[in-house]
Structures are given as C-alpha cells and as structure tokens.
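Per-entry structural report
The lines below spell out each chain.
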Amino acid sequence: MVQPLFWTWEKAKQQLRCLELQATLYQILQENTKPMVSNKPEGAEQEPLHYQELSKKEKPQDRIRSAYDPEIRSGYKSKSLKFTGDKIQVLESRIHGLILNTEPIPGNEWDGDRLAPMVEEVINRHGIVPKQVVGDTAYGTGENRKKIQEMQILLTAPIQKYTNPTGLLENDWFVYDAKLDEVTCPLGYSTSKKVRNNPNQGHQFKFDAKTCKACPLYKLCTTNENGRTVFISDYYEIMEQGKSYNQTGAGKSALSARYDVERTNHEAANHHGLRKPRTRGRESLRIISKLTAMVINLKIMVKKLTEPIQPFYRFKKYENRMKAPVCPN
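A short tour of the structure in this document, coming up.

Calculation rules
- Residues numbered from 1 in each chain as written.
- Predicted model: local features only at pLDDT ≥ 70, side-chain atom pairs only at ≥ 80, totals over all residues.
- Heavy atoms only, no water.
- Helix = DSSP H or I, 4+ residues; strand = E, 2+ residues; numbered from the N terminus.
- Contact = heavy atoms within 4.5 Å.
- Areas by Shrake-Rupley, 256 points an atom, 1.4 Å probe, with all protein chains shown as cover.
- 1 Å grid on protein atoms, 1.4 Å probe; cavity = no way out; pocket = protein on both sides within 12 Å on 5 of 7 lines; lining within 4 Å.
- Points joined across faces, edges and corners; volume = space filled by probe spheres on them.
- Nonpolar A, V, L, I, M, F, W, Y, C, P; charged D, E, K, R; others polar.
- Pairing = 2+ DSSP bridges.
- Polar contact = N/O pair within 3.5 Å; in protein donor to acceptor, adjacent residues only side chain to side chain.
- Disulfide = S-S within 2.5 Å.
- Buried < 20%, exposed > 50% of the residue type's maximum accessible area, 1.4 Å probe, protein only.
- Phe/Tyr/Trp six-rings, centres within 6.5 Å; stacked < 30°, edge-to-face > 60°.
- Core = buried A, V, L, I, M, F, W, Y, C linked by side-chain atoms within 4.5 Å.
- Salt bridge = Lys/Arg side-chain N within 4 Å of Asp/Glu carboxyl O.
- Axes fitted to C-alpha atoms, helices over the stretch in contact; angles between N-to-C directions.

Scanning the protein for helices and strands turns up ten helices and 13 strands. Counting contacts in the protein only where the partners sit at least 6 residues apart, residues at least 24 apart contribute 48% of the total. For the protein, the accessible surface area stands at approximately 24,400 Å², while carbon and sulfur atoms represent 56% of it.

Quick look at the layout of surface pockets now. By volume, the second largest pocket is sized at about 1,300 Å³. Looking at which element gives the most residues to the lining of the second largest pocket, the answer is strand β13 (residues 229-233), with five residues. The class makeup of the residues in the lining of the second largest pocket is 17 nonpolar, 20 polar and nine charged.

Turning to the sheet that holds strand β9 (residues 182-184), a few remarks are in order. Strand pairing in a sheet is mediated by backbone hydrogen bonds. Such pairs are either parallel or antiparallel. Read from one edge of the open sheet, three strands run β8-β9-β10, paired in antiparallel fashion. A strand with exactly one partner marks an edge of an open sheet, and here the two such strands are β8 (175-177) and β10 (190-191). By the bridge criterion, two bridges tie β9 to β10 in an arrangement that is antiparallel. Residue pairing in the sheet places Thr184 in a bridge with Ser190 of β10.

Right, let's get into the side chain of Thr191. Topologically, Thr191 is positioned in strand β10. Of the polar contacts made by the side chain of Thr191, one reaches the backbone nitrogen of Lys193; its length is 3.2 Å. Beyond its immediate stretch of four places on either side in the chain, Thr191 contacts Glu182, Val183, Phe205, Lys206 and Phe207.

A few words on the state of the cysteines. Counted under the stated rule, the structure contains zero disulfides. Residue Cys221 stays outside any disulfide, its sulfur separated by 6.2 Å from that of Cys212, the closest cysteine. A relative accessible area of 11% means that Cys221 is categorised as buried.

Turning next to the packing of aromatic side chains. Evaluation of the coordinates by the stated rule reveals three aromatic pairs. Geometrically, the ring pair formed by Phe174 and Phe207 is tilted, given 5.7 Å between the ring centres and 50° between the ring planes. Of this pair, Phe174 sits in the loop between β7 (154-156) and β8 while Phe207 sits in the loop between β12 (202-206) and α5 (209-213), and the two are 33 residues apart along the sequence. With a relative accessible area of 7%, Phe174 lands in the buried category.

Per the counting criterion, the structure on display carries one cavity of 30 Å³ or more. What the largest cavity holds in volume is close to 130 Å³. As for the largest cavity, its lining consists of 15 residues, of which Phe174, Cys185, Cys212, Cys215 and Cys221 are closest to the centre. Sorting the residues of the lining of the largest cavity by element identifies α5 and α6 (218-221) as the ones contributing at least two each. Each residue belonging to the lining of the largest cavity can be placed in one class, and the counts come to twelve nonpolar, two polar and one charged.

The next point concerns the pairing of strand β4 (residues 82-92). Relative to β4, strand β3 (residues 73-76) runs antiparallel, the two sharing four bridges. The partner of Tyr76 across the bridge, within β4, is Lys82. Where β4 folds back on strand β5 (residues 99-106), the antiparallel hairpin that results is connected by six residues, among which Gly97 adopts a positive phi of roughly 80°.

One finds Leu115, Val119, Val133, Ile148, Met151 and Ile153 to be the most contacted residues of the largest nonpolar core, which totals 13 residues. Counting residues per element, this core draws most heavily on helix α3 (residues 115-126), at six residues. If we skip the residues at most four places from it in the chain, Met151 touches Ala116, Val119, Glu120, Ile123 and Val129.

Bringing the environment of Lys77 into the picture now. Its location among the elements puts Lys77 in the loop between β3 and β4. A relative accessible area of 67% places Lys77 in the exposed class. Remark: the alpha-carbon pair of Lys77 and Gly107, spanning 30 residues in sequence, is separated by 8.9 Å.

Side-chain pairs of opposite charge can arise whenever the charged atoms involved come near each other. For the structure on display, the rule yields 18 salt bridges. Here Lys59 ties to Glu53 by a salt bridge, and the two come within 2.6 Å at their closest N and O atoms. Here Lys59 falls in the buried class, since its relative accessible area comes to 13%. Given a relative accessible area of 57%, Glu53 falls into the exposed group. A salt bridge links Lys299 to Glu267, with the shortest nitrogen-to-oxygen separation between them at 2.6 Å. Here Glu267 lies in helix α9 (residues 260-271) and Lys299 lies in helix α10 (residues 282-305), a separation of 32 residues in the sequence. Beyond isolated ion pairs, a larger network of salt bridges with shared partners links Glu103, Glu109, Arg114, Glu283 and Arg286.

Pairing is antiparallel across the open sheet formed by three strands, whose spatial order is β11-β12-β13. Each of the sheet's edge strands pairs with one partner strand only, and the pair in question is β11 (194-197) and β13. Averaged over all neighbouring strand pairs, the angle between strand axes comes to 25°, with direction disregarded. Here β11 pairs with β12 via four bridges, running antiparallel. Looking at the pairing, Asn197 lines up with Gly202 of β12.

Now the structure itself:
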C-alpha cells in the first residue's frame, strides 16, 4: 500500500518529506532496538523479524530523543540536572547590556564550542573588535583562549580545576618546565618521557616505576604500578597566563561581570517564553531567539531614551578671606 501511494504523489516535495520521515524512524529503530536472534534451525520456516530494546548502556548518547523534533538532544545543566532540548548561547555588550548575538545549539553540545564563531560574526557585522570577552568556565578552554587571542582579544574566564579521581596528589603538585619540556615531582624527580594524548590535546608524562616505588610519597601519589603519570595540555602556557590574570584586580573585576548576562537569560527564558518555546526545529528556534533579542534590545534603548534628564548645576566656591590685621607702626 505504501509504495504505490508514494509514487502517486504529484509533488516531489511530498515524496522527499516522506523519505525524510522514513529515515528518521529507521534511525530511531537502529539507536534503540536490535533484532532478536531466532532459535529455529536453518531451513525451517522463519517467523517475522522481532526487535528488543537495547539496554541503557548500549544506546548512543547522541541518539534522537523525539520523532516530533529530531534535532533536539539531551544535555546536563549540572551533574545531577538533566534536560532534553536546545540551549541558546547569548553574547551581549558589557557596557550597555545589548544582545549582540544569539545562537541555539543542541543540548549535548559543549558550551564553549560556539564562542569563537559568534565573536567573529559580531566583528564582521559591526566592524568593531572588543577588547575583552568574559565568560564562564566552559568558555575558558585552552583552544578558545588561543583562538580569541589570535583575534587580538583578551578572554577572561575561570580556569577549570581537574581533580585526581583517585583522591591522591593533584597535578598542581608537579611543576612543568616548558623550556626543558619536563615535569618535576614534589620531591625533585624529573621526567621528559611522554606519550601523545590526542583526545585531550596534550601529552602524558610518565615517571619511572622504580623511582616511584622508592619514593616515600608513593602511596600518597599513585596506585599505578608502572609509575605516576601527569597530563600536560598543549595550551599549558596560555592557561597559566589566564590563571595569573584572574588573580589580579582587573581579572577579578572582569570575572564578576559575567553574572550580568544571567539577568538577560532570565528575562528571555521567563518573560519572553524561551524556557518552553513553541517551535519545532532548530531553525525556527533560531528565528525566535533573534526576535526575542531584538525585543530586549528595544526595551533597553527605550528605557535609556525615556530616562529623565538630570539637571546640571555649576557651583562656584566663594572664599571670604579675612585680611590679616595691620599692626600700627
């Protein structure tokens, strides 16, 4: 019934849409189920193919969550708070509070991935290069810092702290010398032996197993019988520069300003309906988010224009100086 009906449609757009929906349903089937193995011997009459649901671990993390809106994905607001939908990135002016750019992204996408493209878009659109970009920890990756630095812009963001999952000595106890390309442990032992760690964009430095086992801090340092390893990122130097700047007065002042955008996010989400937008598809959400940004900007400009003019008074200081008494001769 389906095949004859498919070819009777006169409009090619209907056929294309039908194929898109079939592809979506097939992808959902592949991501959530698998064919059941038949116990019948070969040659026997086979039953229709049956499917069983995959376990939670077997299902891909990037799978389709909704047949109604196949583009949305599941993400985490925090370690314990999970959501299904899209996130909207907001780039605004620190001085005026005007929204300069917005971009919806999948819920499972890392927040910092869109920073450089959004900044570039603002520069190309307005022809003005900002002196500084301030963001949360997710935006302060080494890769982002390098890209923003190449634009002659200062990126200020908190440095993400990586903790040792074993609960033993942290990497901060070890000192990396960029000139010698070696890592030194707290007791002064050094190593230049390293292997590439492509997923994390850096190198894993390895200490000699015999040296580690003879060390009095061995049990406090590692549980690896092959010796302690320390990861050094390709962006180690630029991250250290950012860490030092964050400790300065200018850095602390800039970091405190990153909370200003939260008020804008609150207004867009709760007063303009972006918390639960009535849209289907990311392109529709992109249009709605940009229209919302325009409305918020208009509100800011109208508020600025309708502010009462403050009277200007000019004061002049008059001094009544008493002349010193003149002594008679």
